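# Results of the structural survey
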Amino acid sequence: MNLKHIRSTLKTLFTRLLIPLAAVMTLTAHAAQPLKIGYSDWPGWVAWQVAIDKGWFKEAGVPVTFEWFDYTASMDAFAAGKIDAVTMTNGDALVTGAAGGKSVMILINDYSNGNDMIIGKPGVRTLKDLKGKKVAVEMGFVEHLLLLNGLKKAGMKESDVTLVNAKTNEMPQMLASGAVAAVGAWQPISGQAIKSVPGARPIYTSADEPGLIYDVLAVNPASAKQRRADWVKVVKVWDRVVKYINDPKTQPDAVKIMAARVGVSPEAYLPLLKGTKLLTLDEAKKIYVKGDGFKTLYGSTKIADEFNVANEVYKKAEDVNSYLDASFTFAK
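The sections below set out a description of the structure shown in this document. Keep in mind that this is a model prediction, so the values were computed, not measured.

Scanning the protein chain from N- to C-terminus turns up 16 helices and 11 strands. Along the longest, intermediate and shortest principal axes, the C-alpha atoms of the protein chain span 100 × 50 × 35 Å. Here the protein chain holds 332 residues, and 50% of them are scored as buried. Long-range contacts, defined as pairs at least 24 residues apart, comprise 77% of the intrachain contacts of the protein chain with a sequence gap of at least 6. With the model as given, the accessible surface of the protein chain reaches about 16,000 Å², and the carbon-plus-sulfur share is 56%. Of note, the protein chain has its 41 positive side-chain charges centred 6 Å away from the centre of its 33 negative side-chain charges.

Structural data, given as structure tokens:
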């Protein structure tokens, strides 16, 4: 074999080895990229800060970066493909998906257990006191659904009140203005609304209908498929977070971490946890099953879809099942 032939053979072998090696290096580099998760100011999502500060994602062997947003901005960032996952309600996952930002819910963080409220001005003590009066809600959002649910239970219809559309963060000012008899808001804004008007009080809350509002981790479907093993690790870290927060021995440290994230004292933050039912994986498994009504994520999301269509949040019903993937929660 002459030298020229040897060189040609070696070049061919090198090229054949180099191309697969380059592909492997590209895949490795991609796999090493941190998962980008957007989160915002809700106790069930601020809870992630415990894992961030404790370094539990590194211990689990999964690269993750969390980006802090205002809630609506987090959904916009997800829809624009700037982040891989976002924390949002199950109903808002449908809204974001209908607008083009499709996701799969791989984890139930919690359900609202009192932090979402319909707050009456002084003298308004029950939902029946609202008949013929104005109520401010952000139309098409969860407090609107909460109000409708409460009115139905009270034997009333939506037409029994006059709805005033306003941004959720405007509710303290709306209630203080005296222009409406009640407002709908979630914590911490609901708490601010109560403080803004002496004598104001919650007249209906999410504790009256557990499961009406589930809060989830929603992931880009392509990322969920391509980085499944990493997302399973993220889900398992969540279980560790909930147990740390719920343990009386470690709860003070957890609350201190969460309070620091949102810039309030631990004493001010602790009551917010009581209105949020954080879910361990074992608890979530009982909810992430097929079923009707608010006791399952499937049933609650179906109701949210019907609400969204009825209120023209989007025109056609979404394929609810395509948004739900319980396999991450049930992964061994």
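This part is about the layout of surface pockets. Space inside the largest pocket adds up to approximately 520 Å³. If you trace the largest pocket, you find 23 residues lining it, with Asp70, Tyr71, Thr72, Trp186 and Ile189 closest to the centre. Taken together, the residues of the lining of the largest pocket sort by class into 11 nonpolar, five polar and seven charged. Space inside the second largest pocket adds up to approximately 310 Å³. Gln187, Pro188, Lys195, Ala268 and Leu272 are the residues nearest the centre of the second largest pocket, which is lined by 13 residues in total. Only α9 (189-196) and α13 (266-274) provide two or more residues apiece to the lining of the second largest pocket.

Time to look at the sheet that holds strand β4 (residues 104-112). Strands in a sheet are paired, the pairing made by backbone hydrogen bonds, and the direction either parallel or antiparallel. One open sheet accounts for six strands, arranged β2-β1-β3-β10-β4-β11; its pairing is mixed. Two strands bound the open sheet, and with one partner strand each, they are β2 (64-68) and β11 (276-278). With direction set aside, neighbouring strand axes in the sheet form an average angle of 30°. Sheet topology places strand β1 (residues 35-39) next to β2; five bridges connect them, and they run parallel. Counted as the bridge partner of Leu35 is Val64 from β2.

It is worth spelling out unusual backbone geometry at this point. With an omega dihedral of 10°, the bond running from Gln187 to Pro188 counts as a cis peptide bond. Inspection of the secondary structure puts Pro188 in the loop between β8 (182-186) and α9. In this structure, Glu312 is a non-glycine residue whose phi angle is positive, near 55°. Within the secondary structure, Glu312 is located in the loop between α15 (297-310) and α16 (327-330).

Once that is clear, we can look at the pairing of strand β10 (residues 214-219). Within β10, six of the six residues are buried, which leaves it mostly tucked inside the rest of the structure. Residues Tyr214, Val216 and Ala218 of β10 are buried on one face, and the alternating residues Asp215, Leu217 and Val219, pointing to the opposite face, are buried as well. Pairing analysis gives five bridges linking strand β3 (residues 85-89) to β10, with the strands arranged antiparallel. Bridge pairing in β10 links Met88 to Val216. In terms of strand pairing, β4 meets β10 through six bridges, oriented antiparallel. Bridging across to β10, Val104 finds its partner in Val219.

How each quantity is defined
Residues numbered from 1 in each chain as written. Predicted model: local features only at pLDDT ≥ 70, side-chain atom pairs only at ≥ 80, totals over all residues. Heavy atoms only, no water. Helix = DSSP H or I, 4+ residues; strand = E, 2+ residues; numbered from the N terminus. Buried < 20%, exposed > 50% of the residue type's maximum accessible area, 1.4 Å probe, protein only. Contact = heavy atoms within 4.5 Å. Areas by Shrake-Rupley, 256 points an atom, 1.4 Å probe, with all protein chains shown as cover. Lys, Arg positive; Asp, Glu negative; His and termini not counted. Charge placed at Lys NZ, Arg CZ, Asp CG, Glu CD. 1 Å grid on protein atoms, 1.4 Å probe; cavity = no way out; pocket = protein on both sides within 12 Å on 5 of 7 lines; lining within 4 Å. Points joined across faces, edges and corners; volume = space filled by probe spheres on them. Nonpolar A, V, L, I, M, F, W, Y, C, P; charged D, E, K, R; others polar. Pairing = 2+ DSSP bridges. Axes fitted to C-alpha atoms, helices over the stretch in contact; angles between N-to-C directions.

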